[in-house]
Protein chains: 2
Amino acid sequence: MILPWSLARSRTEIENRIFTLKTRTHISPRTGREHEFYVLEADDWVNVVPLTPEGQVLLVRQFRHATREVTIEIPGGLIEAGQTPEEAAARELLEETGYAAAELTCLGRVRPNPAILTNWCYTFLARDVFQVSQIQNNETEELELVKLGLDRIEEMIFSGEIDHALVLSAFVHFYLHQKSGA
Amino acid sequence: MILPWSLARSRTEIENRIFTLKTRTHISPRTGREHEFYVLEADDWVNVVPLTPEGQVLLVRQFRHATREVTIEIPGGLIEAGQTPEEAAARELLEETGYAAAELTCLGRVRPNPAILTNWCYTFLARDVFQVSQIQNNETEELELVKLGLDRIEEMIFSGEIDHALVLSAFVHFYLHQKSGA
């Protein structure tokens, strides 16, 4: 049986807008000895599968600063303090695509990386989205809207053109939700 | 059209076994102005979908130090310096499950998080795995083997019992690979 380790203490190494890097000292349940682990404490994230009445999915093209690549992803981002995951989903959908949805359904949530990141990423389905404004680009975020059919998305995941792990995870939940008939 | 930002300079903030945290100064292609972004430079990762001749999948139960939870995942880890992704997949499979495979097939690769992580995670399929030794637990890693049918894995993803984004991503590639008949 796998036993949890207990937390002896934790020390903040560096703090920024996206995460706080900490060194945590955990105690082994088997040996009683202490070991240090680096973890990134982060607020929860959210992403959205926005479906148009015609069955197309809204995606966004954007430049990502770690991989230095232009990616194709579904809209998403940080859940801000005081926001519910659903409110953040509606806000990100509007900011990043200019679209809104009458209803948002939570499809599930994933751990982006339970070894180094403390947070969750929630996935919402936004059915029958409709345009209400333009994409709200700013100085550091520039996005471009892409509409694709579900078949094309599968092809692009298979070929590697869509490769963001959190986007793939969102589609697993979407496919299983469709399969369940909910 | 989304244009890439150019790199002005980069500064190392902190370095550890898992990643190097850097502050990168990137120049906006639209305004020419500089902005700072935090990125985690990390070596590539690998994970493996190990299938027994009976069609069961080998998974591992382990304690994860960021979320402080016991997870169920497929085997995987860091690709060590000088190793190919395939060699790392074979090594992780053996260390974490005690099983080996006659053949490993690369199913695809994903970006764990293109906004903050620079690396790839490769997914391999290991067909007809067979036991050759025991799990190699050490002072900081303790794993337990779990064998599950593919139907049960789908249920556990749907229910949230399996929630690691990189595990879900691996199964998307696995499902699409099966669907393609390859």
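Student: How should the interface of chain A and chain B be read in this particular structure?
Tutor: When the parts come together, some accessible area is lost, and that loss is often what is quoted as the size of the interface. Contacts between the two partners involve 57 residues from chain A, matched on the other side by 57 residues from chain B. Taken together, the elements giving at least two residues each to the side of chain A that touches chain B come down to β1 (6-15), β2 (20-27), β3 (34-41), β5 (56-64), β6 (69-73), β9 (104-110), α2 (150-159) and α3 (165-179) of chain A. Broken down by element, the side of chain A that touches chain B gets its largest block of residues, seven residues, from α3(A). Residues that form the side of chain A that touches chain B fall into these classes: 27 nonpolar, 16 polar and 14 charged.

Student: I keep staring at the domain arrangement of chain A and nothing clicks. Help me out?
Tutor: When its domains are assigned, chain A resolves into domain 1 (6-41) and domain 2 (45-179). For domain 1 of chain A versus domain 2 of chain A, the distance between C-alpha centres works out to 31 Å.

Student: How should I be thinking about the pairing of strand β10 (residues 121-127) of chain B in this particular structure?
Tutor: One face of the sheet, then the other: side chains in a regular strand alternate in exactly this way. Residue and element names in this part refer to chain B. Among the seven residues that make up β10, six are buried, leaving the element largely enclosed by the rest of the structure. Pairing geometry for strand β4 (residues 45-50) and β10, over six bridges, is parallel. The partner of V49 across the bridge, within β10, is L125. Across seven bridges, the pairing between strand β9 (residues 103-110) and β10 is antiparallel. Looking at the pairing, C106 lines up with F124 of β10.

Student: Would you mind going over the relation of the copies chain A and chain B with me for this structure?
Tutor: The second copy of the chain is related to the first by a rotation about an axis and a shift along the axis. Placing chain A over chain B gives an RMSD of 0.0 Å and needs a rotation angle of 180°, together with 0.0 Å of translation along the axis. Taken together, the rotation and translation relating the two chain copies correspond to the operation of a two-fold axis. Rotation axis and chain A: the residue whose C-alpha lies nearest the axis is A:S169, separated from it by 2.7 Å.

Student: What's the story with the sheet that holds β2(A) in this structure? I'm lost.
Tutor: Note on sheets: strands pair through backbone hydrogen bonds, and any given pair is parallel or antiparallel. All names here are of chain A. An order of β1-β2-β3 is seen for the three strands of this open sheet, with the pairing classed as antiparallel. Of all strands in the sheet, those bounded by a partner on one side alone are β1 and β3. Strand-to-strand, the axes of this sheet are offset by a mean angle of 25°, without reference to chain direction. Note: β2 against β3, eight bridges, orientation antiparallel.

Student: Help me understand the sheet that holds strand β6 (residues 69-73) of chain B, please; the structure alone is not making it clear to me.
Tutor: Residue and element names in this part refer to chain B. The antiparallel open sheet is built from three strands, whose spatial order is β6-β5-β12. Every other strand in the sheet has two partners, leaving β6 and β12 (144-149) as the edge strands with one partner each. Between one strand axis and the next, the sheet turns by 30° as a mean value, whatever way the strands run. Where strand β5 (residues 56-64) meets β6, five bridges bridge the pair, whose relative direction is antiparallel. Counted as the bridge partner of V60 is E73 from β6. Along the sheet, helix α2 (residues 150-159) contacts β5 and β12; its crossing angle with β12, the most-contacted strand, is approximately 105°.

Cut-off values and rules
- Residues numbered from 1 in each chain as written.
- Chains lettered and ligands numbered in written order.
- Predicted model: local features only at pLDDT ≥ 70, side-chain atom pairs only at ≥ 80, totals over all residues.
- Contact = placed C-beta atoms within 7 Å.
- Helix = DSSP H or I, 4+ residues; strand = E, 2+ residues; numbered from the N terminus.
- Nonpolar A, V, L, I, M, F, W, Y, C, P; charged D, E, K, R; others polar.
- Domains from an automatic or database assignment.
- Buried ≥ 20, exposed ≤ 12 C-beta atoms within 10 Å, placed from the backbone.
- Pairing = 2+ DSSP bridges.
- Least-squares fit on C-alpha atoms with pLDDT ≥ 70 in both.
- Axes fitted to C-alpha atoms, helices over the stretch in contact; angles between N-to-C directions.

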